[in-house]
Each structure stands twice: as C-alpha cells, then as structure tokens.
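As a plain string of letters, each chain reads:
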Amino acid sequence: MEIYKLSFIAIVLFMIHEFEEVIFIKKFVEENKVVKDMKNELFMKKKGNYPSTETLSLMIAEEFIILSTLLFIASEISMYEIVLSLFIVYIAHLVPHMYDALRYRKFSPGSRTSFIIFPLGILIIWNVILNKEINLVILILCVIIIGFLMILNLLFLHKISKKIDRYLWK
C-alpha cells in the first residue's frame, strides 16, 4: 500500500470514529446518568464535567490538524514508521471503547466504529509491515514517543476544556 493511501485511510477512519463520539455522547450520558451499573463506564466517569459539543469538536479539530500534519510530513519523507505508529496508537485507543461495550453490554459513543475499525486497522497494519521494509526499532520508538505525546495532548485538552467552554460561551 502506498504511504499516501495509508495516511488517507488513517485520517478518514479517525474522523469517522470521532464523529460517532461527538454525535452520540450527549444522548448517551443523558440516558445513562442514573444507571448505577454504568458509573464506571468510559464516558460516564466524566459526565459531570464533560466538555460541550462545541468544545469537544474543537478538541477533535486540534487533534485532526496535528494528525494530518504528521501524516503529511511522514508521507513526504516516505517514513512508513511514523504513519504506522500514528495508526497503531489510534487503533490501540479503540480497545477501551470495545471493552466497555462488551462489559456493559451496551454500545457507547465510539464503540460501534471501534468494532469495525479495529480489525480493519490490524489487517492494514499487518499488511504494510509484511509488504514494506519497516525498521521495527524505529517503529517501536515512534509508537512509544507518539503515544506518549498524544496522551499528553489529550490530557492537556481536557485540562483546558472548561476554559475553552467559557471562551466559546462568552
């Protein structure tokens, strides 16, 4: 698979998943806020301070810009390891969505697309690793570094989400 195609697939799958989260989060929280068995579910843990739809969309837009920029640069320098590591980190983030859906026997925002995208992503990653010359040491380092930076970015975005909400609702 050509690197531009892989990058395009990665960003499209990311956005489809994020759209599902944005579209269904408010309804899901509203429907489950009094269900005691759901109190530890991924989205219900933060129900009291979850960002507004507008703030959540802005946070996703920021992630989209960063991801698109990194994918473009990696494609331009033909570095499959960066593209694959972004894809691997993204695919790994789907696991908690699937776990919660199975644990609570209920689809939550992002879980429907997770069940579709996860196996597809694994197949794509496996195919690229088998058919391209991939430096596994560089790939592992990229996964660790990019994963760490993406988690830091997400924590930062959630930390400033209340400020973003206040700014948007002035």
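Trainee: Report on the overall build of the protein, specifying residues and quantitative values.
Mentor: Within the protein, the regular secondary structure consists of six helices and zero strands. Of the regular secondary structure in the protein, the N- to C-terminal order runs α-α-α-α-α-α. Taking 170 residues into account, the globule formula puts the C-alpha radius of gyration at 15 Å, and the protein, at 17 Å, falls close to it. Sequence-distant contacts, at least 24 apart, represent 78% of the contacts inside the protein between residues at least 6 apart. Accessible surface for the protein amounts to roughly 10300 Å². Of this, 70% is attributable to carbon and sulfur atoms.

Trainee: Just give me the short version of the packing of aromatic side chains, but keep the residues and values in it.
Mentor: Per the counting criterion, the structure on display carries two aromatic pairs. With a centroid separation of 5.8 Å and an interplanar angle of 75°, the aromatic rings of Phe14 and Tyr90 are classed as edge-to-face. Of this pair, Phe14 sits in helix H1 (residues 3–32) while Tyr90 sits in helix H3 (residues 80–92); the two residues are 76 residues apart in sequence, bridging distant segments of the chain. Judged by its relative accessible area of 6%, Tyr90 falls in the buried class. Taking the centre distance of 6.4 Å and the plane angle of 80° together, the rings of Phe107 and Phe115 count as edge-to-face. Judged by relative accessible area, Phe115 falls into the partly exposed class, the value being 31%. Above the ring of Phe24, the side-chain terminus of Arg112 is found at 4.9 Å from the ring centroid.

Trainee: Describe unusual backbone geometry, naming the residues involved and giving the relevant values.
Mentor: One non-glycine residue, Ser78, lies in the positive phi region at around 55°. Mapping Ser78 onto the fold places it in the loop between helix H2 (53–76) and H3. The phi torsion at Arg105 lies on the positive side, around 50°, for a residue other than glycine. By secondary structure assignment, the location of Arg105 is in the loop between helix H4 (95–104) and helix H5 (111–131). Arg105 gets classed as exposed once you look at its relative accessible area, which sits at 76%.

Trainee: Tell me what's going on with the nonpolar core, and back it up with residues and numbers.
Mentor: Ranked by internal contacts, the top residues of the largest apolar core, which has 34 residues, are Leu6, Leu71, Leu84, Phe87, Tyr90, Ile91 and Val128. At the level of secondary structure, the elements contributing two or more residues to this core comprise H1, H2, H3, H5 and helix H6 (136–168).

Trainee: Describe the pattern of salt bridges, with residues and values.
Mentor: Per the stated rule, a full pass over the model turns up three salt bridges. The residue Glu20 makes a salt bridge to Arg112 at a minimum N-O spacing of 3.3 Å. Of this pair, Glu20 sits in helix H1 while Arg112 is found in helix H5, placing the two residues 92 residues apart along the sequence. The class for Glu20 is buried, based on a relative accessible area of 6%. With its nearest N and O atoms 3.8 Å apart, the salt bridge here joins Lys27 to Glu31. Taken as a pair, Lys27 and Glu31 lie in helix H1 at a separation of four residues, close to a single helical turn. The pair Lys27 / Glu31 is uniform in exposure class, with both members exposed.

Definitions and limits used
Residues numbered from 1 in each chain as written. Predicted model: local features only at pLDDT ≥ 70, side-chain atom pairs only at ≥ 80, totals over all residues. Heavy atoms only, no water. Helix = DSSP H or I, 4+ residues; strand = E, 2+ residues; numbered from the N terminus. Rg over C-alpha atoms; globule rule 2.2 N^0.38 Å. Contact = heavy atoms within 4.5 Å. Areas by Shrake-Rupley, 256 points an atom, 1.4 Å probe, with all protein chains shown as cover. Phe/Tyr/Trp six-rings, centres within 6.5 Å; stacked < 30°, edge-to-face > 60°. Buried < 20%, exposed > 50% of the residue type's maximum accessible area, 1.4 Å probe, protein only. Lys NZ or Arg CZ within 6 Å of the ring centre and 35° of its normal. Core = buried A, V, L, I, M, F, W, Y, C linked by side-chain atoms within 4.5 Å. Salt bridge = Lys/Arg side-chain N within 4 Å of Asp/Glu carboxyl O.

These figures capture arrangement, not role.
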